[in-house]
Amino acid sequence: RFGRTKEDLKRSYDLLRANAQYHGFEARPYSSLEMAFERLLSKDRACLIQAWKDDALVGTMVLLLAGRTATYYCGATDRRFGRLYPSEFMHLQALRYAKERGLETYDLMNWVHPGVEQFKRGFRPEERRWAEPRTKIFRPRLAAWLTRAEAHARPLVRRFARWRAVRRKRRIAMADT
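In this convention, every chain numbers its residues from 1, walking through the sequence in written order. Only residues with pLDDT of at least 70 get local features here, since the model is predicted, and only at 80 or more are side-chain atom pairs given and counted; chain-wide, interface and lining totals rely on the full set of residues. Excluded from the side-chain calculations are hydrogens and water; all other atoms, namely the structure's heavy atoms, are used.

Asker: Could you give an account of the sheet that holds strand β5 (residues 105-107), with specific residues and numbers?
Answerer: Hydrogen bonds along the backbone pair up the strands of a sheet, which may run parallel or antiparallel. Whether two strands pair depends on DSSP finding at least two bridges between them. By definition, any uninterrupted DSSP run of H or I lasting at least four residues is a helix, any uninterrupted run of E lasting at least two residues is a strand, and each is numbered from the N terminus. Strand order in the open sheet formed by 5 strands is β1-β2-β3-β4-β5, with mixed pairing between adjacent strands. Lying at the two open borders of the sheet, with one neighbouring strand each, are β1 (2-3) and β5. In the sheet, β1 pairs with strand β2 (residues 46-53) via 2 bridges, with the strands oriented antiparallel. Its bridge partner being in β2, G3 is matched across the sheet by L48. When checking whether two residues touch, look at their non-hydrogen atoms; a contact exists if any pair is within 4.5 Å. Note on geometry: axes are lines fitted to C-alpha atoms, helical ones only across the stretch in contact, with angles between N-to-C directions running from 0 to 180 degrees. Seen against the sheet, helix α3 (residues 86-100) touches β1, β2, β3 (56-66), β4 (69-77) and β5 and runs at an angle of roughly 35° to β3.

Written as structure tokens, this is what we have:
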């Protein structure tokens with residue numbers, strides 16, 4: 001399910017903190033996570049995905065949405081429920097959520113602890129796009145004019161660069177004598 005309340009965030013933070021302690025690193029302070037969550041969730045720029053087994057939170061994941069990319073920010077699982085594969089379930093839900101929103105990429109590698117990055121690189125991730133990159137031209141007349149101007153300006157720029165190089169060379173030669 002998707003976490004939307006402060007209570008959901010608090011329960012997820014408890015799991016994130018326990019996971020950090022298990023792996024031997026410090027969890028970020030709750031206040032900073034809460035502030036970021038409130039600001040980004042209100043603008044539909046973040047998503048808190050939670051995996052539940054009955055009344056127990058077994059996994060949590062924070063997904064950031066920016067531009068055309070969904071970025072896995074952080075996540076944690078309860079080790080007692082590892083055989084249920086909550087991480088895989090949450091990543092699948094994140095991919096579905098991103099695809100439904102029309103996002104083009106899912107970034108699994110960004111913003112991670114160095115040890116986690118090394119672990120993830122073991123999966124040999126390969127970038128796959130759901131859609132080909134597109135360029136949106138907001139001023140088509142200006143773009144057409146600049147394209148034509150570039151073809152005519154290139155020889156002039158090259159001529160100016162050669163003239164300047166020769167001039168510099170002469171100055172250096174005069175200074176040496």
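Asker: Outline unusual backbone geometry, supporting the account with residue identities and numerical values.
Answerer: A positive phi angle, near 60°, is found at D44, a position not held by glycine. As for its placement among the helices and strands, D44 is situated in the loop between α2 (30-42) and β2. D44 sits in the partly exposed class, given a relative accessible area of 37%. Look at D54: it is not a glycine, yet its phi comes out positive at around 60°. Positionally, D54 belongs in the loop between β2 and β3. Between buried and exposed lies partly exposed: a residue is buried under 20% and exposed over 50% of the maximum accessible area for its type, with that area taken using a 1.4 Å probe on protein chains only.

Asker: Before we move on, could you go through the pairing of β2 and cite the residues and values that matter?
Answerer: Burial runs high along β2: 6 of the 8 residues are buried. Of the pairings in the sheet, the one linking β2 to β3 comprises 8 bridges and is antiparallel in character. Bridging from a neighbouring strand, A46 pairs with L64 of β3. Taken together, β2 and the strand that follows it, β3, pair antiparallel across an intervening segment of 2 residues, in which D54 is found at a positive phi of about 60°.

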